[in-house]
Amino acid sequence: MFNLITVLFVLLIVLIANSVKILKEYERGVVFRLGRYVGVRGPGLIILIPILEKMIKVNLRTIVMDVPPQDVITKDNVSIKVNAVVYFRVLHPDKAVLEVEDYYYATSQISQTTLRSILGQFELDDLLSNREKINMELQSVIDKHTDPWGIKVSAVEMKHIDLPQEMQRAMARQAEAERERRAKIIHAEGELQSAEKLSQASEIMSKSPITLQLRYLQTLNEIASEKNSTIVFPIPMEIIKPFLNKKDDKGE
């Protein structure tokens, strides 16, 4: 008799332990009674009918899922490897349990296939320069596919784009050529501005010949301040012109 009471007492303790559940604030329980869905419970203390009811816990916190590197062929036929990270959370625990077998695995697979298909529609230059736009498109497509499962994809970010060595060298040469082009353009613009300033200065000097003499004396002063052993004195054409005109008159 004592042994029977002990067995019944232990069995009662086991049943109570299995029927009483405590869910944290970020957890919800999807409850089934005799295999049929009866509702979502939690958080806090949950009491289940022993043997008749079963509960599956679902985490409602944001999940950070790493998408492994995917082989992608871009629109301009460049083979690259791209990995990404997906941020998502469960909004409807009942759908996450009833509509899909494993929502985490399903989200991972749809993220990988979407990454390959979407990136294949862009050229390599677009992938490198328009990453924010592509991330938004990836997020929209993945969220559309996971919405029937009660999953909300909040963000998708491409982490790294692995380029072939040949493409890296070609891009390095392209960047170097672009820098040289910009340097030549800047140099040409400087020459143009210099020519414009010289033209303006010549117009001013032509209106006031004395400015040419002052500039001449200033140049001599600058040369003398350098303590050179040899000083070359430039002779303005205005000084030589009278002699050239006399020579032409005699020749006639």
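Attention here is on the structure that accompanies the text. Predicted model, so just to flag it, every value in this text is computed and none were measured. (Residues numbered from 1 in each chain as written. Predicted model: local features only at pLDDT ≥ 70, side-chain atom pairs only at ≥ 80, totals over all residues. Heavy atoms only, no water.)

## A word on the sheet that holds strand S3 (residues 36-41)
- If you trace the three strands from one edge of the open sheet to the other, you get S3-S2-S5, paired in antiparallel fashion. Either end of the sheet is taken by a strand with one partner, and the two such strands are S3 and strand S5 (53-59). Adjacent strand axes in the sheet meet at a mean angle of 25° when their direction is disregarded.
- Relative to S5, strand S2 (residues 27-33) is paired through seven bridges, and the arrangement is antiparallel. (Pairing = 2+ DSSP bridges. Helix = DSSP H or I, 4+ residues; strand = E, 2+ residues; numbered from the N terminus. Axes fitted to C-alpha atoms, helices over the stretch in contact; angles between N-to-C directions.)

## Quick notes on the nonpolar core
- Among the nonpolar cores identified, the biggest contains 36 residues, and Ile-80, Phe-88, Tyr-103 and Leu-119 are the most heavily contacted of them.
- Secondary-structure elements contributing two or more residues to this core are S2, strand S6 (63-73), strand S7 (79-90), helix H3 (103-119), helix H4 (124-129), helix H5 (131-146) and strand S8 (151-162).
- In this view, Ile-80 contacts Gln-70, Asp-71, Val-72, Thr-74, Leu-124, Leu-127, Ile-161, Asp-162, Leu-163 and Pro-164; residues no more than four positions away in its chain are not counted.
- With five residues, the next largest nonpolar core counts Val-31, Ile-46, Leu-48 and Met-55 among its residues. (Core = buried A, V, L, I, M, F, W, Y, C linked by side-chain atoms within 4.5 Å. Buried < 20%, exposed > 50% of the residue type's maximum accessible area, 1.4 Å probe, protein only. Contact = heavy atoms within 4.5 Å.)

## Digging into H3
- With 17 residues, H3 extends 24 Å between its outermost C-alpha atoms, agreeing within 8% with the 24 Å of an ideal straight helix rising 1.5 Å per residue.
- Within H3 the residues assigned to the buried category are Tyr-103, Ala-106, Thr-107, Ser-108, Ile-110, Ser-111, Gln-112, Thr-114, Leu-115, Ile-118 and Leu-119.
- Where H3 begins, one side-chain oxygen reaches toward the backbone nitrogen of Tyr-104, 3.2 Å away; that side chain belongs to Asp-102. (Expected span 1.5 Å × (residues − 1). Polar contact = N/O pair within 3.5 Å; in protein donor to acceptor, adjacent residues only side chain to side chain.)

## A few points about the packing of aromatic side chains
- This structure, assessed with the given rule, holds two aromatic pairs.
- Between the aromatic rings of Phe-32 and Tyr-37, the centroid separation amounts to 6.3 Å while the plane-to-plane angle is 65°, which identifies the pairing as edge-to-face.
- Plain terms: the ring middles of Phe-88 and Tyr-104 are 6.2 Å apart, the flat faces sit at 50° to each other, and that makes the pair tilted. In this pair, Phe-88 is assigned in strand S7 and Tyr-104 in helix H3, connecting sequence segments 16 residues apart.
- Look at Tyr-104 and you get partly exposed, because its relative accessible area is 36%.
- The side chain of Arg-61 reaches across the aromatic face of Tyr-26, ending 3.8 Å from its centre. (Phe/Tyr/Trp six-rings, centres within 6.5 Å; stacked < 30°, edge-to-face > 60°. Lys NZ or Arg CZ within 6 Å of the ring centre and 35° of its normal.)

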